[in-house]
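Report on the structure
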Amino acid sequence: HFPRLPQARRFEGNLCPHKDSFSQADRNHASLLRGPESMVFDGNGYAYTGTRNGVIWKLSLDDNCKQEPIEIARTGKRKCSFNEVGMECGRPLGMRLREDSHLVVVDGFSGLMEVSLNTKEQQVLLAKGMEINKKRVLVLNDLALFNDLVFVSEMSTRWDYEELLYDLMEGKSNGRVLQYNRLTGESTIFADNVYSPNGLEVGADRKGLLVAETGKARVIRIPFDEPEKREIFIDNLPGYPDNIRRHPKGGYLVGMAGIRPGEQYNLPDILGAYPTLRSFLYKITPLSVLKNLIQDYGLCVYISDTGELLQSWHDPTGRLSMISQCL
């Protein structure tokens, strides 16, 4: 059950750090927008994102995004300041915008929910803690919309949100992809035994779902009509993939939560060949120490419709790091 990753790619060619760099990128509203996970555009000059204190924000794209963001909703039980985090604050993660002006949002503590941009009313669609096939829903992360279905990634059925790093380091297929039917309100399992499923996106042919398996450093494709026949879309990514989003001109952009360059020592990759030792070390290692294993490095990659890595953007300085999504 433990992933034994292939030899990591060297950062050369399409992965050359100096070819396309965003180390000089602007960091707009960095003091206010702490930990934005996902972002959507409405096509009218505005974007929406959520921050770690439970706030959903509306941002104007005019004037290079210099206008002050507008708070439109909070997903938690109380109003938290910009530096507060926790269950009562809420934690917006994956986000999509429906044509009827509803944001569909995964909140790390509440579950799958929708927010009306017109009335600001909120409704939980798939609650964290509910049982699906005798397992409680624990860690929902991202979502994808397909007709009247909402697909939701559940990264782990073993570890909760605060301990999620343990699941990634354990490397077991504890995850699921859930399916919510908007017409019936029914929640079912679309795919089980998935390795830390994270970002989701409907494929270009609209016949399958692309799933970023973070712990496996790959993206898999799961057909809608035969979900048991999953296949690898792209393997051996140069990092641990987070959200995956369709590019307007074709292909996909994938943010990397961490990197695994072939030129450097990489403990998770090395320990993948020693599952017993890996399991023992991660059970006795504090989370604070595990987090220090993640190198401060920003990376986003562009993948073709056929699963070929075409281009990459880097910030070797770590000024931008743990890239959750690229658009």
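The coordinates are above.
Everything in this summary refers to the structure shown in the same document. (Residues numbered from 1 in each chain as written. Predicted model: local features only at pLDDT ≥ 70, side-chain atom pairs only at ≥ 80, totals over all residues. Heavy atoms only, no water.)

Some points on the sheet that holds strand 6 (residues 102-107)
With antiparallel pairing, the four strands of this open sheet are ordered in space as 5-6-7-8. In this open sheet, the two strands that pair with only one neighbour each are strand 5 (92-97) and strand 8 (122-127). Pairs of neighbouring strands in the sheet enclose a mean axial angle of 25°, with direction left out of account. With five bridges connecting them, strand 7 (residues 111-116) and strand 8 associate as antiparallel partners. (Pairing = 2+ DSSP bridges. Helix = DSSP H or I, 4+ residues; strand = E, 2+ residues; numbered from the N terminus. Axes fitted to C-alpha atoms, helices over the stretch in contact; angles between N-to-C directions.)

A word on the pattern of salt bridges
Enumeration according to the criterion identifies 15 salt bridges in this entry. Ionic pairing is found between Glu154 and Arg176, a salt bridge with its closest N-O pair at 2.7 Å. Pair noted here: Glu154 is in strand 12 (residues 149-154) and Arg176 is in strand 13 (residues 175-181), with a separation of 22 residues, a long-range link. On the accessibility criterion, Glu154 (0% relative accessible area) is buried. (Salt bridge = Lys/Arg side-chain N within 4 Å of Asp/Glu carboxyl O. Buried < 20%, exposed > 50% of the residue type's maximum accessible area, 1.4 Å probe, protein only.)

What to know about the nonpolar core
If you look at the biggest cluster of nonpolar residues, it comprises 18 residues, and the most contacted ones within it are Val219, Phe233, Ile234, Leu299, Val301 and Ile303. Those elements giving two or more residues to this core turn out to be strand 16 (208-213), strand 18 (231-234), strand 20 (252-259) and strand 21 (298-303). Beyond its immediate sequence surroundings of up to four residues, Ile234 is in contact with Arg9, Arg218, Val219, Ile303, Gly307 and Leu309. Counting 15 residues, the second-largest nonpolar core is a separate cluster that includes Phe146, Leu149, Val177 and Ile220. (Core = buried A, V, L, I, M, F, W, Y, C linked by side-chain atoms within 4.5 Å. Contact = heavy atoms within 4.5 Å.)

Describing the state of the cysteines
Following the criterion strictly, the structure yields two disulfides and no others. Disulfide pairing is shown between Cys80 and Cys89; the S-S distance is 2.1 Å. Because the torsion about its S-S bond is -90°, the bridge between Cys80 and Cys89 counts as left-handed. Summarising the burial analysis for this pair, Cys80 and Cys89 share the class buried. (Disulfide = S-S within 2.5 Å.)

Describing the sheet that holds strand 18
Pairing is antiparallel in the open sheet, where four strands are placed in the order 15-16-17-18. Strand pairing shows two members of the sheet lacking a second neighbour, strand 15 (197-202) and strand 18, which therefore form its edges. For this sheet, the mean inter-axis angle between neighbouring strands, taken without regard to orientation, is 35°.

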